[in-house]
Amino acid sequence: MAVREIVLIGDPILRQKAEPVKHFGPELRTLVRDMIETMREARGVGLAGPQVGVRQRVIVVEVPEDEEEGITGPWVGRPFALVNPEIVEVSPEMEEGIEGCLSIPGYVGEVKRHVRVVVQGRNEWGKPRRIEAEGFLARVLQHEIDHLNGILFVDRLESREKLYRVEDLEAEGAVESA
Ligand code: NI
């Protein structure tokens, strides 16, 4: 396993559409393991292929369980990968929440996302995976799938006033980045 370098905003790869994965071989499993290690080392909750310079439709997610906040369920509290993920259903309800990105260090924004989504894709072995997510997990999935389409959270801010410097928010507690 290896920690890979995280690509920062300004690099054109973050603005390109990633390609579907066609081969579910050992290289893909190595990429997934490296992405999980890189995400953990950076203390992120999600990471997408383009963020490690790989223009493929692969994301990894690890949302810590927080029962008090209602963040629980089978896809919480452990890392997992989704290959070729597609959002197949969204709730009409949306909510604003604070979001960061490992490719945009030092900033967070208040971003409106669907409260619930259903995402389909495959695991790193090619097995179909379907995830019904809500709240913070749904937010992270939407953020990561945006990365595969060249979209960053700053593109989704309703105004410049919804972008904050992390140091200005320090008094309000920890902020997680994807
Ligand atoms: Ni991100």
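Up top you'll find the structure we're talking about.
Please read these numbers as outputs of a predicted model, since none were measured by experiment.

A. Structural view of the environment of G106. Within the secondary structure, G106 is located in the loop between β4 (94-100) and β5 (107-114). Take G106: its relative accessible area is 37%, and that puts it in the partly exposed class. Taking the C-alpha atoms as reference, G106 lies 5.2 Å from V166; in sequence the two are 60 residues apart. Setting aside its immediate chain neighbours within four residues, G106 contacts Y164, R165 and V166.

B. Summary view of the layout of surface pockets. Size it by volume and the second largest pocket reaches roughly 310 Å³. Along the walls of the second largest pocket sit 20 residues, with R116, E132, A133, E134 and G135 positioned nearest its centre. Put simply, the parts of the chain that give the lining of the second largest pocket at least two residues each are β3 (80-90), β6 (116-122), β7 (128-134) and α2 (135-148).

C. Up close: a negative patch on the surface. Taken together, the side chains of E65, D66, E67, E68 and E69 present a region of like negative charge at the surface. Among the structural elements, E67 can be located in the loop between β2 (58-61) and β3. A relative accessible area of 62% means that E67 is categorised as exposed.

D. How the structure looks around the sheet that holds β3. Read from one edge of the open sheet, five strands run β1-β2-β3-β6-β7, paired in antiparallel fashion. Each end of this open sheet is capped by a strand with a single partner; those strands are β1 (46-48) and β7. Recorded for the sheet is a direction-independent mean angle of 40° between the axes of neighbouring strands. Contacts from α2 reach β1, β2, β3, β6 and β7, with the element oriented near 155° to β2.

E. How the structure looks around α2. End to end, α2 covers 21 Å across 14 residues, agreeing with the expected 20 Å (1.5 Å per residue, within 8%). Burial within α2 is extensive, with twelve of its 14 residues counted as buried. Here α2 has its buried residues at L137, A138, R139, V140, L141, Q142, H143, E144, I145, D146, H147 and L148. Positive backbone phi, at 75°, marks G150, one or two positions downstream of α2.

Reading guide: rules and limits
Residues numbered from 1 in each chain as written. Predicted model: local features only at pLDDT ≥ 70, side-chain atom pairs only at ≥ 80, totals over all residues. Heavy atoms only, no water. Helix = DSSP H or I, 4+ residues; strand = E, 2+ residues; numbered from the N terminus. Buried < 20%, exposed > 50% of the residue type's maximum accessible area, 1.4 Å probe, protein only. Contact = heavy atoms within 4.5 Å. 1 Å grid on protein atoms, 1.4 Å probe; cavity = no way out; pocket = protein on both sides within 12 Å on 5 of 7 lines; lining within 4 Å. Points joined across faces, edges and corners; volume = space filled by probe spheres on them. Patch = residues over 30% accessible without salt bridge, like charges linked within 9 Å, V, L, I, M, F, W, Y side chains within 5 Å. Areas by Shrake-Rupley, 256 points an atom, 1.4 Å probe, with all protein chains shown as cover. Salt bridge = Lys/Arg side-chain N within 4 Å of Asp/Glu carboxyl O. Lys, Arg positive; Asp, Glu negative; His and termini not counted. Charge placed at Lys NZ, Arg CZ, Asp CG, Glu CD. Pairing = 2+ DSSP bridges. Axes fitted to C-alpha atoms, helices over the stretch in contact; angles between N-to-C directions. Expected span 1.5 Å × (residues − 1).

By themselves, these figures tell us nothing about what the structure is for.
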